[in-house]
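Chain by chain, the residues run as shown.
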Amino acid sequence: MSTPLLEIKDLHAVVGDNKEILKGLNLTVNRGEVHAIMGPNGAGKSTLGNVLSGREGYERTSGTVLLDGKDVFEMDIDERANEGLFLAFQYPVEIPGVGNHYFLKAALNAKRKYHGEDELAAGAFLKLMKEKMALLEMDARYKSRDVNVGFSGGEKKRNEILQMTMLNPKMALLDETDSGLDIDALRIVSKGVNSMRDKDHGMIVVTHYQRLLDHIQPDFVHVLVDGKIVKSGDKSLALELEEKGYAEYEAAA
Amino acid sequence: MTSFDTDHVQSLAADVDTAAWLKPAQEAALAAFADLELPHTKLEAWRKTSLRPLTTTKVRWPRRDASAPAVAKELGHHLRLIVDGGQVMHHEFVGGDVVDGVTVRNAADASADEQAAFGKVVARRGNAMNALNTSLASEVCFISVDDDVNVRIVVQHVHEEAGGDGDEGIPLAVHRLVLAVGENANVDLIEEDVDDAHPFVASRLFEAQLQKGAQLTHSLECELKDNQDVLREIHVALDESAQFHSFALPIGGRIHRTDLNVHLDGHHAETTSYGAIVADQKNLVDIHSLIHHHVGLCTSQQEIRGILAEEGHGVFNGHVIFEKDAQKSDTAQKNPNLLLSRDAIIDTQPVLEIYADDVTASHGSTVGQLDADAYFYLRSRGIDEDEAYRMLVRAFVHDVMHQTRGDDVHDRFAAVVDARLDAIVARSEETEG
């Protein structure tokens, strides 16, 4: 058995004022697998992504996380990304003054540099960007606009997926990417995500709603309540949750 | 004896030999300067900007070089003026034919209209510094653009010292440009400094009268070394439906002061003023702006960004006046500032003076550091600390660079500001070691 892409063991984490949010989370993602994490508000869904990506204010207190065998907490924020970890944010940040294509190029070249590769030629970059934008049905004007500035909620999410498909991370975590999306946007975003599914990539899809999972069929579904995974199953678990809610698990936690 | 005291200014003025018709104005200006003297920090307009270093700087007239090099490549078809030590050394149309209806004259050849226009807009805001400019303007450049004519003009300042730097003082370059823009004419004026390490003190004054429906775009880029001083005044008056769009990028300098004075004299006149101040090391970069709404139905918009690093000191004073008759007018002013070090200083002051009762006015100044969320976002995409920092520093200025007019101007100015910012970032990384 090869090394898991992501191996989270007994992860405890606090946020800001030392409030413990993750209380012993265990999860293993192997190559080619898509995992869905569902759970009520405040269960720690977004904290997981923030802790993994190294955001300030989110602190691991104990436990380990290995990304393809390497300790993520030994790595800087940008190193984690260059090692193949990607977080699609629930609330993507606007960056006035930085053009979208300039940003993507900087990110892509940072990764190439990290792996000792030459910068991508301008022509090859533009071709790649055009191809991925077509896949995500994005208008060409998003190329030159400033990162997320003036984008609608759905456009920001599409832009996250655009970054993901261009950077081609081995391990991606999508944090409520479906929130605020209409049916068309949901279909398009899912198309982008599905384009990356293969035997080498792993994914965690964090969501409130089962409807995303109609488009992105998970191999495993986990219920996250009060900082721990309390139940795991296949995609039928998502349907069950949709019907019955989380009350049963919350009562137990 | 100090360098900008009355005696020394008088001795410099004694060498000024220009057209006879200009003499009375220059004598009056010299008397005015003797009366007012070099501004000090007890005066409201100079409270944050000390001219004290000038008083110990020994100045002399420049030794100009007639073969001053031109460097404006690209920029298309334009009228190019090479200004060495404040004086227009030559002018020519490049990249295309001579544009009919555009004249360039010196004081000796100035037409009756041009003579009448000299100092007219400036007189509405008379002060010691423009009196100094008037009294010492050994040459005045008059550019007149006829009705309905479109032209791009590029003014390049160089400071070539023939025979090298002496130890007998540093050159004082006095530049005066008088521009007349005819009805519905469109002038795109680009003013830039050619990179030059010589120390100098420059007094630059530009005055323009825009006739009905005329449009003037003034794109200014001036990057100075820490042994260079520029004291600049821009005075523009707008008739009905005229437009004046200013983009100013003053960077660095020991003392780098810009006074922008805009008079909205005709209904439906419109002005915008965008740009950025960059001050690092021990620079002092100051924009004092006065937008004066004399009549109704006019609009003004302004956004000047400040980026202050190391021991840099920035000053922005944005004054807008609405006279009693300036009804149904509006103004919006923004001054966001980014401080990159604990020792950097920004003094920002909006001043609204409103005597009309039906106007819309907004203003906002902010002072901040880099956005931590944006920084994290960049890094989460694999961009390292230094590069993320550099990108966000650049972004702060680029956000207003969109307001330049013309892609070629944008790219040219962006290259200058990016190089300066990259140098700041590189020094900060060195310090952090």
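Heads up: these notes are all about the structure in this document. (Residues numbered from 1 in each chain as written. Chains lettered and ligands numbered in written order. Predicted model: local features only at pLDDT ≥ 70, side-chain atom pairs only at ≥ 80, totals over all residues.)

## So, the interface of chain A and chain B
Moving on, step 1. On the chain B side, the residues contacting the 20 residues of chain A number 17 residues.
Moving on, step 2. Only helix H2 (77-82), strand E7 (95-99), helix H3 (100-114) and helix H6 (153-167) of chain A provide two or more residues apiece to the side of chain A that touches chain B.
Moving on, step 3. Per-element accounting of the side of chain A that touches chain B gives the leading share, 5 residues, to H3 of chain A.
Moving on, step 4. In the side of chain A that touches chain B, the residues fall into 12 nonpolar, 4 polar and 4 charged. (Contact = placed C-beta atoms within 7 Å. Helix = DSSP H or I, 4+ residues; strand = E, 2+ residues; numbered from the N terminus. Nonpolar A, V, L, I, M, F, W, Y, C, P; charged D, E, K, R; others polar.)

## Topic: helix H1 (residues 45-53) of chain A
Residues and elements named next belong to chain A.
Moving on, step 1. Of all 9 residues in H1, 9 are buried, a share of seventy percent or more.
Moving on, step 2. Every buried residue belonging to H1 is among Lys45, Ser46, Thr47, Leu48, Gly49, Asn50, Val51, Leu52 and Ser53, and all of these are buried.
Moving on, step 3. One or two residues past the end of H1 sits glycine 54, with phi positive at roughly 95°. (Buried ≥ 20, exposed ≤ 12 C-beta atoms within 10 Å, placed from the backbone.)

## Concerning the sheet that holds strand E12 (residues 243-252) of chain B
Residue and element names in this part refer to chain B.
Moving on, step 1. Pairing is mixed in the open sheet, where 10 strands are placed in the order E3-E2-E6-E8-E10-E12-E14-E16-E18-E20. Across the chains shown, the open sheet's two edge strands, defined by having one partner strand only, are strand E3 (87-94) and strand E20 (359-368). Averaged over all adjacent pairs, the angle separating strand axes in this sheet is 10°, with direction ignored.
Moving on, step 2. Contacting strand E14 (270-279), strand E16 (299-308) and strand E18 (329-339), helix H7 (residues 385-401) crosses the sheet at an angle of about 165° to E16. (Pairing = 2+ DSSP bridges. Axes fitted to C-alpha atoms, helices over the stretch in contact; angles between N-to-C directions.)

## Some points on H6 of chain A
Residue and element names in this part refer to chain A.
Moving on, step 1. The first and last C-alpha atoms of H6 sit 21 Å apart over 15 residues, in line with the 21 Å expected at 1.5 Å per residue.
Moving on, step 2. Buried within H6 we find Lys157, Arg158, Asn159, Glu160, Ile161, Leu162, Gln163, Met164, Thr165 and Met166.
Moving on, step 3. In this fold, the buried residues of H6 make contact with strand E6 (85-88), H3, helix H4 (122-135), helix H5 (141-144), strand E9 (171-175) and helix H7 (183-194).
Moving on, step 4. Asparagine 168, located one to two residues past H6, shows a positive phi value of around 50°. (Expected span 1.5 Å × (residues − 1).)

## Overview of the environment of leucine 220 of chain B
Residue and element names in this part refer to chain B.
Moving on, step 1. Tracing the backbone through its elements, the reader meets leucine 220 in strand E10 (residues 215-224).
Moving on, step 2. Leucine 220 sits in the buried class, given 23 other C-beta atoms within 10 Å.
Moving on, step 3. For the pair leucine 220 and threonine 55, spaced 165 residues apart in sequence, the C-alpha to C-alpha distance is 27 Å.
Moving on, step 4. Excluding anything up to four places from it in sequence, leucine 220 contacts Glu191, Phe247, Ala248 and Leu249.

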